[in-house]
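Report on the structure
Residue-level listing of the chains:
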Amino acid sequence: MSKPCIICVAITGSLPKKENNPAVPITVTEQVESTQAAFEAGASIVHAHVRNDDETPSSDPEKFARLKEGLEKHCPGMIIQFSTGGRSGAGKERGGMIALQPDMASLSVGSNNFPTRVYENPPDLVDWLASEMHTHHVKPEIETFDLSHIHQAAAMNRDGRIPGKLYVQFVMGVKNAMPVDRDVFDYYIKTVERLVPDAEWCAAGIGQHQFTLNEWCISSGGHTRTGLEDNIRLDRDTLAPSNAALVKRAADLCEKYERPVATWQQAREILGLPLKAA
């Protein structure tokens, strides 16, 4: 298999704190430093959340702006993807940073259960977020927690609400949502290939399942996501020392399956994003 594999690093998320793993980057400066090391280790996409000083989630566009400036300076060419997830804000507040024109932003097109609550993505909000991304030339990454989300993304692609080549991510291992199941994973791939044959796909495994999903993705010809947002450990007894360490683990799997790790230039070409001068 010679197709380059895009590695996305999800650096912070909304949940893990310093008390869980001191390596979790919270401040903008920490996030930039952590991302730079992950970039040098092989990540070509950074999936970013921002936090308040007390480590709680935030949707503050000013924090996202400072993060974007730092990432562009220290990780030139890397694809910057902002989260519009529901833990850091409500309603349109979740998309307040889209006008900053990151390369990409996450987009969940349907609702599902999370460990202690419902992850609400009502159709009117989904349509508004998709419209904002289209207006500001931001490519969505479709986060699919359920088979119906793949079908919805395909429908939105057909009717023009999400134009262009889709990038679909399967999220597996969230408690009360889709478990890590190889038959389901294979059917997800089959469904994407049937409904949107020109799409690219990747997957994220939560917690102990991160390495499993990395291996499934890489061995099956897809792209993959790693990082401290989803998993703070190398194994049951060992905390991950950095985002870069988790990226290196994914890069080692690429070597095992004889797939080159995508450079930022290759990642942009694969996803149909404009090249930026490094």
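Here the structure is a predicted model, which is why all the values come from computation and not from measurement. All residue numbers here refer to positions counted from 1 along the written sequence of the relevant chain. Whole-chain, interface and lining totals are the exception, using all residues; otherwise, since this is a predicted model, local features are given only for residues with pLDDT of at least 70 and side-chain atom pairs are given and counted only at 80 or more. Computation of side-chain values: all heavy atoms of the structure, hydrogens and water removed.

**A short note on the overall build of the chain**
Helix and strand assignments follow DSSP, with helices taken as H or I runs no shorter than four residues and strands as E runs no shorter than two, numbered in order from the N terminus. Broken down by element type, the chain carries eight helices and 14 strands. To get the radius of gyration, use the C-alpha atoms; to get the globule rule, take the number of residues to the power 0.38 and multiply by 2.2 Å. Its C-alpha atoms give the chain a radius of gyration of 17 Å, within 12% of the compact-globule value 19 Å for 278 residues. Type-normalised accessible area, obtained with a 1.4 Å probe on protein chains alone, sets the label of each residue: buried when under 20%, exposed when over 50%, and partly exposed for intermediate values. Evaluated residue by residue, the chain yields a buried proportion of 54% over its 278 residues. Throughout, a residue-residue contact means that at least one pair of heavy atoms, one from each residue, lies within 4.5 Å. Within the chain, residue pairs in contact and separated by at least 24 positions form 70% of the contacts whose partners lie at least 6 positions apart. Surface exposure of the chain reaches about 11,600 Å², of which carbon and sulfur atoms provide 51%. Under the convention used here, a 1.4 Å probe and the Shrake-Rupley method define accessible areas, while residue burial counts only the protein chains that appear.

**Focus on the packing of helix H6 (residues 210-220) against helix H7 (residues 243-256)**
Axis definition: a line fitted to C-alpha atoms, over the contacting stretch in the case of helices. Angles run 0 to 180 degrees between N-to-C directions. One way to put it is that H6 packs onto H7 with a least axis distance of 10 Å and a crossing angle of 35°. Crossing of H6 over H7 shows right-handed handedness. When H6 is examined against H7, the residues Gln 210, Phe 211, Asn 214, Glu 215 and Ile 218 are found in contact with a partner set consisting of Leu 246, Arg 249, Ala 250, Leu 253, Cys 254 and Lys 256. Under the scheme applied, nonpolar residues are Ala, Val, Leu, Ile, Met, Phe, Trp, Tyr, Cys and Pro; charged residues are Asp, Glu, Lys and Arg; polar residues are all the others, including Gly. Class assignment of the residues belonging to the contact of H6 with H7 gives a composition of six nonpolar, two polar and three charged. Handedness of a crossing is defined here by the sense of rotation of the near helix relative to the far one, left-handed for an anticlockwise turn of less than a right angle and right-handed for a clockwise turn.

**With respect to unusual backbone geometry**
A positive phi is found at Asn 176, a non-glycine position, where the angle reads about 75°. By relative accessible area, which is 45% here, Asn 176 ends up partly exposed. Positive phi, close to 55°, is recorded for Glu 258, a residue that is not glycine. Tracing the backbone shows Glu 258 in the loop between H7 and helix H8 (264-271). The exposure class of Glu 258 is exposed, given its relative accessible area of 63%.

**Side note on the pairing of strand S1 (residues 7-10)**
Alternating positions in S1 separate into two faces, Ile 7 and Val 9 on one and Cys 8 and Ala 10 on the other, with burial throughout. Being paired, for any two strands, means DSSP has found at least two bridges between them. Where S1 and strand S2 (residues 45-48) come together, three bridges link them in parallel fashion. When the sheet's bridge partners are listed, Ala 10 is paired in S2 with His 47. Looking down the strands as they point away from the viewer, one classifies a crossover as right-handed if the path from the first strand across the helix to the second runs clockwise. Handedness of the crossover joining S1 and S2 through helix H1 (residues 28-41): right-handed.

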